[in-house]
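Analysis of the macromolecular model
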Amino acid sequence: MGSFLYTLFVLIIMNDNTTFVKSTFWNYCLIPIVFYIIREATYQIDSLNPATSLAFQVFSGIKNDNWAPLQQYYLYIIGPIIGAIGSGVFYNYFYTPLLIRWKAKK
């Protein structure tokens, strides 16, 4: 979910037709701020960084002597890829056409 939200925001803000901030300076300032917000919002759910997720699972396995969560580690690698592809599909096929339709009604 975090990768989906982050890449969707980057797609929206970096395209001249869909950005809501017209200054390039503010676009580049908003990207790390939104990254931090999304990372904090999805901290307990998932991680945006597969290496961080692996570290959490390894240390949890050492601390609790429970290595079962590492059996699904492939999800931490595949999940961000699916999220990024999903945000691209959402942006191209849903967000942009709806925004064009909404601007046409104004």
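This structure is a prediction, so every number in the text was calculated from the model and none was measured. (Residues numbered from 1 in each chain as written. Predicted model: local features only at pLDDT ≥ 70, side-chain atom pairs only at ≥ 80, totals over all residues. Heavy atoms only, no water.)

Points about the confidence of the model for the protein chain
Per-residue confidence for the protein chain gives a mean pLDDT of 83, with 92% of residues at or over 70. No element of the protein chain has a lower mean pLDDT than helix 3 (residues 50–64), at 81, and none a higher one than helix 4 (residues 74–105), at 89. (pLDDT = per-residue confidence, 0-100. Helix = DSSP H or I, 4+ residues; strand = E, 2+ residues; numbered from the N terminus.)

Concerning a nonpolar patch on the surface
Taken together, the side chains of Tyr-74, Leu-75, Ile-77, Ile-78, Ile-81, Ile-82, Ile-85, Val-89, Phe-90, Tyr-93, Phe-94 and Leu-98 define a hydrophobic patch exposed on the protein surface, amounting to about 1200 Å² of accessible area. Considering the arrangement of structural elements, one finds Phe-94 in helix 4. Looking at Phe-94, the relative accessible area reads 47%, which means it is partly exposed. (Patch = residues over 30% accessible without salt bridge, like charges linked within 9 Å, V, L, I, M, F, W, Y side chains within 5 Å. Areas by Shrake-Rupley, 256 points an atom, 1.4 Å probe, with all protein chains shown as cover. Salt bridge = Lys/Arg side-chain N within 4 Å of Asp/Glu carboxyl O. Buried < 20%, exposed > 50% of the residue type's maximum accessible area, 1.4 Å probe, protein only.)

Some remarks on the side chain of Thr-19
Tracing the backbone through its elements, the reader meets Thr-19 in the loop between helix 1 (2–14) and helix 2 (24–41). On the accessibility criterion, Thr-19 (10% relative accessible area) is buried. Here Ile-13 takes part through its backbone oxygen, which lies 3.1 Å from a polar atom of the side chain of Thr-19. Non-local contacts of Thr-19, meaning those with residues more than four positions away in its chain, are made with Ile-12, Ile-13 and Asn-27. (Polar contact = N/O pair within 3.5 Å; in protein donor to acceptor, adjacent residues only side chain to side chain. Contact = heavy atoms within 4.5 Å.)

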